[in-house]
Amino acid sequence: MSSKSTTKKFKWSLDYNSRALARSTDVASPPGYNPSVGQSHTEVAKDTDQNHLIMKKSWDLALGPIKQVPMNLLIMYMSGNSISIFPIMMVGMMLIRPIKALFSTGATFKVIEGTQVAGQKFVFLLGNLLNMGLALYKCHSMGLLPTHASDWLAFAEPQSRLEFSDGGMSLVQ
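Only a predicted model underlies this, so the values are computations on that prediction, with no experimental measurement involved.

Attention now goes to the packing of aromatic side chains. Here the distance between the centres and the angle between the planes together describe a pair of aromatic rings. Overall, the coordinates contain one aromatic pair when judged by the stated rule. Ring geometry for F109 against F124: centres 5.2 Å apart, planes inclined by 80°, an arrangement best described as edge-to-face. Of this pair, F109 sits in the loop between α6 (105-108) and α7 (117-142) while F124 sits in helix α7; the two residues are 15 residues apart in sequence, bridging distant segments of the chain. Taking relative accessible area as the criterion, F109 reaches 4% and is therefore assigned buried. Its relative accessible area of 6% is what places F124 among the buried residues.

Before going further, it helps to spend a moment on the side chain of S79. Considering the arrangement of structural elements, one finds S79 in helix α4 (residues 69-79). Looking at S79, its side chain comes within polar contact range of the main-chain oxygen of M76, at 3.3 Å. Excluding anything up to four places from it in sequence, S79 contacts F86, P87 and K138.

Relative to each other, helix α5 (residues 85-103) and α7 sit at 155°, their axes nearing to 9 Å. Between α5 and α7, the crossing angle belongs to the class labelled roughly antiparallel. Relative to α7, the crossing made by α5 is left-handed. Here α5 contributes P87, I88, V91, M94, L95, P98, I99, A101 and L102 to the contact with α7, which in turn contributes F124, L125, N128, L129, N131, M132, L134, A135, L136, K138, C139 and M142. In the contact of α5 with α7, the residues fall into 18 nonpolar, two polar and one charged.

The next point concerns the pattern of salt bridges. By the definition in use, this model includes one salt bridge. Of the charged contacts, one joins D60 and K67 as a salt bridge, the two residues approaching to 3.8 Å between their closest N and O atoms. With a relative accessible area of 54%, K67 lands in the exposed category.

Residues M71, L74, Y77 and M78 make up a contiguous nonpolar surface patch of about 510 Å² in total accessible area. With respect to the helices, strands and loops of the structure, M78 is situated in helix α4. Take M78: its relative accessible area is 60%, and that puts it in the exposed class.

What counts, and where the lines are drawn
Residues numbered from 1 in each chain as written. Predicted model: local features only at pLDDT ≥ 70, side-chain atom pairs only at ≥ 80, totals over all residues. Heavy atoms only, no water. Phe/Tyr/Trp six-rings, centres within 6.5 Å; stacked < 30°, edge-to-face > 60°. Helix = DSSP H or I, 4+ residues; strand = E, 2+ residues; numbered from the N terminus. Buried < 20%, exposed > 50% of the residue type's maximum accessible area, 1.4 Å probe, protein only. Polar contact = N/O pair within 3.5 Å; in protein donor to acceptor, adjacent residues only side chain to side chain. Contact = heavy atoms within 4.5 Å. Axes fitted to C-alpha atoms, helices over the stretch in contact; angles between N-to-C directions. Parallel < 35°, antiparallel > 145°, perpendicular 65-115°, else oblique. Left-handed = near helix turned anticlockwise from the far one by under 90°. Nonpolar A, V, L, I, M, F, W, Y, C, P; charged D, E, K, R; others polar. Salt bridge = Lys/Arg side-chain N within 4 Å of Asp/Glu carboxyl O. Patch = residues over 30% accessible without salt bridge, like charges linked within 9 Å, V, L, I, M, F, W, Y side chains within 5 Å. Areas by Shrake-Rupley, 256 points an atom, 1.4 Å probe, with all protein chains shown as cover.

Without other data, these values stay purely geometric and don't point to any function.
In structure tokens, the structure reads:
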């Protein structure tokens, strides 16, 4: 007796070595496969998929500065308001990066095509201006911006403090 004749055949088993299977049509098509869809439909689908990807990438580029705002807020909080080298470097980078990005807007959007380029440039500009505003607010909270007359004029009285804190208590003058 040969081993082939003794093997039991199950109705769910497939013999991938037989040539009859290749010619057989009893194997169901995979889910989602439609043999009636022609070649032209897939070419159109590929073209729209490519346009969709280009649009998605261009919006990712335009929204990049707005996505940096939460990180900049965290950096502002973590660096504190003291005037030392670390907070000043952080504020400097938060101010210089958006300015450089604004000057290179043309080069950034050179490769982008489509009907929404004006809106994407506006969103990019708005995000960079928002980051610059955060950096200027941090400079103001650190006391680095000249906001009083005494900062500009030698004969003007400097602003006096209204309150001092010491040991958890507020001491009013």
